[in-house]
Amino acid sequence: MSIEYVVVSEGEQDEPIELPTEEDGSLLLSTISAQFVGASGLKYRAGGRLRGLRLTEDRVLPPAEGWGAHRYFCAFPRVDIPTATTRPRCSDLIVLGLPWKTGEETVREYFSTFGDLLMVQVKRDTKTGLSKGFGFIKFAEYDAQLRALGRRHMIDGRWCDVRIPNSKDGSSAAHRKVFVGRCTESLTADDLREYFGAFGQVTDVFVPKPFRAFSFVTFLDPEVAQSLCGQDHVIKGVSVNISTASPKREHSGRSHLLGWSLLEGAAPRVYSWPPDAWQHSAHSAHSHSTAPPDAKPYLKYE
């Protein structure tokens, strides 16, 4: 069979070119793709409908009526455009514990090692111009934010903490914190950190003293924390239950109580008395006891 030329265009409305067939009358796919990169075959319109041509061993075979009966255009593999996954947006981060001498340039230089920064601000007293000991930063990439939240920071010889500021609907840290109930005294903070570290990066473990049969574990990723809620886990032979912890403000008499309540219908509550409320407690109603030297809140478990 003699060689003939087939009229082919990239799209139905594009300008065509002529491609040579092989001696057996087929058209090599390599011949088509050499002119139209990515093409995987040919199609044509007949009676208002599109028809594709048979492809055998990288050769496009002509229709029954021959090449000259139609004008052909390229077929391309269908590419499914992946749905863009919504990445969490970076939020303003508060940097706590900054030395009084530390300025914005030092803060920027330190945190730029984690990623590009969009904003750096050290809060200062409007009258004196002196630093208030804290500031704010914002990263360009969420991964950089996660890296900064996952550790403590030594800045100008002092340990500093990076936190997500409280939002209107509650503390962002609450979404990363879980309540671990039914703990025994044999479970240490290291035990909890090691066990829950298998699910995601743990940023903090709190075991109240004196012992109160519960603990709090804070994760870097809030999704990890929420995925564990409502589950029972066995840690070193001890069965514990995981619940969501949510900040809750309550009032009782003359003292203001800041508590953690359980979202999932559980009765236990943890109340935290500020140091100045100790004198109003039941145990000190007839005495003049004061807050302990470390001025840390006293935790009550009910």
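- An unreviewed UniProt entry lists the chain under the name TAR DNA-binding protein 43, from Danaus chrysippus.

**Here we look at the sheet that holds strand β6 (residues 55–56)**
- Taking strand neighbours across the sheet as the criterion, the three strands line up as β3-β7-β6 in an open arrangement whose pairing is antiparallel. Here the strands that pair on one side only, and so sit at the sheet edges, are β3 (27–28) and β6.
- Sheet topology note: the β6/strand β7 (residues 59–60) ladder contains two bridges and is antiparallel. By the bridge assignment, Leu-55 is partnered in β7 with Val-60.

**A few points about the packing of aromatic side chains**
- Taken as a whole and assessed by the stated rule, the structure comprises 15 aromatic pairs.
- Both rings, one in Phe-179 and one in Phe-216, keep their centres 5.5 Å apart while their planes meet at 70°; by these two values the pair is edge-to-face. On the criterion of sequence distance, the pair formed by Phe-179 in strand β14 (residues 177–181) and Phe-216 in strand β16 (residues 214–219) is long-range, its members being 37 residues apart.
- Looking at Phe-216, the relative accessible area reads 5%, which means it is buried.

**Some details on the side chain of Ser-131**
- With respect to the helices and strands, Ser-131 occurs in strand β11 (residues 131–139).
- Take Ser-131: its relative accessible area is 7%, and that puts it in the buried class.
- At a separation of 3.0 Å, a polar atom in the side chain of Ser-131 contacts the main-chain amide nitrogen of Gly-133.
- If near-sequence neighbours (up to four positions away) are discounted, Ser-131 is found in contact with Pro-99, Trp-100, Val-122, Lys-123 and Arg-124.

Criteria and cut-off values
Residues numbered from 1 in each chain as written. Predicted model: local features only at pLDDT ≥ 70, side-chain atom pairs only at ≥ 80, totals over all residues. Heavy atoms only, no water. Pairing = 2+ DSSP bridges. Helix = DSSP H or I, 4+ residues; strand = E, 2+ residues; numbered from the N terminus. Phe/Tyr/Trp six-rings, centres within 6.5 Å; stacked < 30°, edge-to-face > 60°. Buried < 20%, exposed > 50% of the residue type's maximum accessible area, 1.4 Å probe, protein only. Polar contact = N/O pair within 3.5 Å; in protein donor to acceptor, adjacent residues only side chain to side chain. Contact = heavy atoms within 4.5 Å.

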